[in-house]
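This is what each chain is made of:
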Amino acid sequence: MRSSSWPWFCAWLAVGALGSLALLAILTIGVYLLPLALLAAGLLATRRGSSSGLPGLVSGLGVPLLYVAFLNRGGPGNVCTTTSTSQSCVDEYNPWVWLAAGVIFLLAGIVLGAVRQRRATLR
């Protein structure tokens, strides 16, 4: 990708991450984050040249998924933590599913951006 495309890619990545987080947390804070993501996408879409970084939106969808994989790194199943005064247990998801989905989205956006840049260079 050209060096001038990277800021747009990162901006769209942030919008994608915010939108994905809003959908993952739709029952809690997602209701408040979704309008912010839509507003940010609308603002970016009206900027000249911002479409060069649009594949960052796809990559941004994977960022919250990678975070969920990190949070569930002890799973799957019941994971207990013991301290000197207490014990707490929590049920965790399988982190490999979240990791695979996050990496696929992240890499898909990067590859899509590289392909778009290559096509633009060949023209």
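Bear in mind the structure is a predicted one, so any value in this text is a computation, not a measurement.

**What to know about the side chain of serine 5**
- By secondary structure assignment, the location of serine 5 is in the segment before helix H1 (6-24).
- Exposure remark for serine 5: the relative accessible area of 1% places this residue in the buried category.

**Topic: the environment of isoleucine 110**
- As for its position among the elements, isoleucine 110 is in helix H4 (residues 95-122).
- Each C-alpha atom of the pair isoleucine 110 and glycine 49 lies 18 Å from the other, and the pair is 61 residues apart in sequence.
- Setting aside residues no more than four positions away along its own chain, isoleucine 110 makes contact with Phe9 and Ser59.

**Comments concerning the pairing of strand S1 (residues 77-82)**
- The pairing of S1 with strand S2 (residues 87-92) spans 6 bridges and is classified as antiparallel. Counterpart to cysteine 80 in the pairing with S2 is cysteine 89.
- Where S1 hands over to S2, the hairpin turn is made up of 4 residues, counted between the paired strands.

**Section: the packing of H1 against helix H3 (residues 55-71)**
- Running from N to C, H1 and H3 cross one another at 45°; their axes reach a closest spacing of 6 Å. The angle between the axes of H1 and H3 places the two elements in the oblique class. Crossing of H1 over H3 shows right-handed handedness. On H3, the residues that touch Phe9, Trp12, Leu13, Val15, Gly16, Ala17, Ser20, Leu21 and Leu24 of H1 are Pro55, Gly56, Leu57, Ser59, Gly60, Leu61, Val63, Pro64, Leu65 and Val68.

**With respect to the confidence of the model for the chain**
- Counting all residues, the mean pLDDT for the chain is 90, and 97% of those residues have values of 70 or more.
- Per-element confidence in the chain ranges from a low mean pLDDT of 86 for S1 to a high of 94 for helix H2 (residues 30-45).

**Brief notes about the side chain of serine 59**
- Note on placement: serine 59 falls in helix H3.
- When its relative accessible area of 0% is taken as the criterion, serine 59 is described as buried.
- If near-sequence neighbours (up to four positions away) are discounted, serine 59 is found in contact with Phe9, Leu13, Phe105, Leu106, Gly109 and Ile110.

Cut-offs and rules
Residues numbered from 1 in each chain as written. Predicted model: local features only at pLDDT ≥ 70, side-chain atom pairs only at ≥ 80, totals over all residues. Heavy atoms only, no water. Helix = DSSP H or I, 4+ residues; strand = E, 2+ residues; numbered from the N terminus. Buried < 20%, exposed > 50% of the residue type's maximum accessible area, 1.4 Å probe, protein only. Contact = heavy atoms within 4.5 Å. Pairing = 2+ DSSP bridges. Axes fitted to C-alpha atoms, helices over the stretch in contact; angles between N-to-C directions. Parallel < 35°, antiparallel > 145°, perpendicular 65-115°, else oblique. Left-handed = near helix turned anticlockwise from the far one by under 90°. pLDDT = per-residue confidence, 0-100.

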